[in-house]
Amino acid sequence: MNPFSGGVAVITGAGSGIGAGLARQAGQLGMTVVLADIDGDAIEVLRGEITASGGSAVAVVCDVRNPVAVSQLADRTYRDVGPVRLLVNNAGIEQFGYLWDTPVANWHRVVDINISGVFYGVRAFLPQMMTSDEHAWVWNLSSVGGVLAAPLQGAYIASKHAVLALTECLRLDVESAGHGHHIHVQAVLPAAVVSNIFESAGGVDPAEGSDAAVADQQRSAMLAVKAGAQDAMTAAARIFEQAAEGRFYLLTEPSVAVAMADRANVLAAQLPPLLKRR
């Protein structure tokens, strides 16, 4: 029996991209899905889709930058839906441009959503998840960007490294606290998945003397990557399958494992990062 065949799943950033794919997959497996996103219209459409296909879903508008809002999401879920068996801290955004050109507001937005949003989710949900001896899962969305270095995406890359480290430490915390036998902490590292993350990414302000041309070029390059990106449902199915196998690193495709090996080799050899010419 699939371990995800019932119970409640909470997914942040569920309105589009891999978050929506994970929500659809959870619904197909028989989970009641709490769709959390700042885009109320998007999650309401998805809620209708899941319920129309025989699943169960609830849409809750939530800004993961707000710890009070995330805490209220947890309280509402436990009060109105039920105990959480799967928490997916997925909400995330991109940012393009040289690091020194990145607007301070954009930097804070990346950190607040990509890193703090994960922390707020863990802090709001995990204590309640640990009160039961039932098996439960916490997935934090890092990225292939969490194991590599790239120019013109410094804020995003740094945030995904942070999420990976946070998740690795969280797994040790859970084990140290004596809950490792039933709380399964796993890191999700997707490669490119079809979404609107590149279109909605932050840029730079040419009025401040920033180099907008290179930021725009990087956006165009990533949109070209999107043209060959993996379907969100395919990625979601692979993540659920690997999670059921008990893996810690959940990868959407083999290229992520290659990037992990390359990163390990660079660190072992103590080499500086090298710029890859297109």
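Just above, that's the structure.
**A look at the pattern of salt bridges**
- For the coordinates displayed, the defined rule picks out seven salt bridges.
- Between E49 and R24 there is a salt bridge; the shortest N-O distance is 2.6 Å. With E49 in helix α2 (residues 40-52) and R24 in helix α1 (residues 17-28), this residue pair connects regions lying 25 residues apart in the sequence.
- Since its relative accessible area comes to 37%, E49 is described here as partly exposed.

**Regarding the packing of helix α3 (residues 67-81) against helix α4 (residues 104-129)**
- Two elements in contact, α3 and α4, have axes whose closest approach is 8 Å; the angle formed by their N-to-C orientations is 30°. Classified by the interaxial angle, the pair formed by α3 and α4 is roughly parallel. Between α3 and α4 the crossing geometry is right-handed. From α3, P67, V70, S71, L73, A74, D75, T77 and Y78 reach across to α4, where they touch Y120, G121, A124, F125, Q128 and M129.
- Residue classes in the contact of α3 with α4 are distributed as nine nonpolar, four polar and one charged.

**Some points on the sheet that holds strand β4 (residues 84-89)**
- Pairing in this open sheet of seven strands is parallel, and the strands run β3-β2-β1-β4-β5-β6-β7 from one edge to the other. Two strands lie at the open edges of the sheet, namely β3 (56-61) and β7 (249-251), each paired on one side alone. Across the sheet, the mean angle from the axis of one strand to that of its neighbour is 20°, orientation sign disregarded.
- When β4 meets strand β5 (residues 136-141), the two strands line up parallel, connected through four bridges. Paired with N89 across the strands is N140, a residue of β5.
- Of the strands in this sheet, β4, β5, β6 (183-189) and β7 are in contact with helix α7 (residues 232-244), which crosses β7 at around 150°.

**Digging into the nonpolar core**
- Of all hydrophobic cores here, the largest spans 31 residues; its most connected members are F4, L22, L35, L86 and W139.
- Leave out the neighbours within four places in its chain, and F4 touches L29, M31, R85, L86, W137, W139, F240, A243 and A244.
- In this structure, V70, V110, F125 and M129 belong to the second largest nonpolar core, which totals 29 residues.

**Quick look at the pairing of β5**
- Of all six residues in β5, six are buried; the element is thus mostly enclosed.
- Of the two faces of β5, the one lined by A136, V138 and N140 and the one lined by W137, W139 and L141 are each fully buried.
- Crossover handedness for the path β4 to α4 to β5: right-handed.
- In this sheet, β6 lies alongside β5 in parallel orientation, the contact comprising six bridges. Within β6, the position partnered with L141 by the bridge is V188.
- The parallel pair β5 and β6 is bridged by helix α5 (residues 154-176), and the resulting crossover is right-handed.

**What about the pairing of β3?**
- Two elements, strand β2 (residues 32-37) and β3, share six bridges in a ladder whose sense is parallel. Following the sheet pairing, T32 is matched in β3 by S56.
- Note on the crossover from β2 through α2 to β3: the handedness is right-handed.

Calculation criteria
Residues numbered from 1 in each chain as written. Predicted model: local features only at pLDDT ≥ 70, side-chain atom pairs only at ≥ 80, totals over all residues. Heavy atoms only, no water. Salt bridge = Lys/Arg side-chain N within 4 Å of Asp/Glu carboxyl O. Helix = DSSP H or I, 4+ residues; strand = E, 2+ residues; numbered from the N terminus. Buried < 20%, exposed > 50% of the residue type's maximum accessible area, 1.4 Å probe, protein only. Axes fitted to C-alpha atoms, helices over the stretch in contact; angles between N-to-C directions. Parallel < 35°, antiparallel > 145°, perpendicular 65-115°, else oblique. Left-handed = near helix turned anticlockwise from the far one by under 90°. Contact = heavy atoms within 4.5 Å. Nonpolar A, V, L, I, M, F, W, Y, C, P; charged D, E, K, R; others polar. Pairing = 2+ DSSP bridges. Core = buried A, V, L, I, M, F, W, Y, C linked by side-chain atoms within 4.5 Å. Right-handed = clockwise from strand over helix to strand, strands pointing away.

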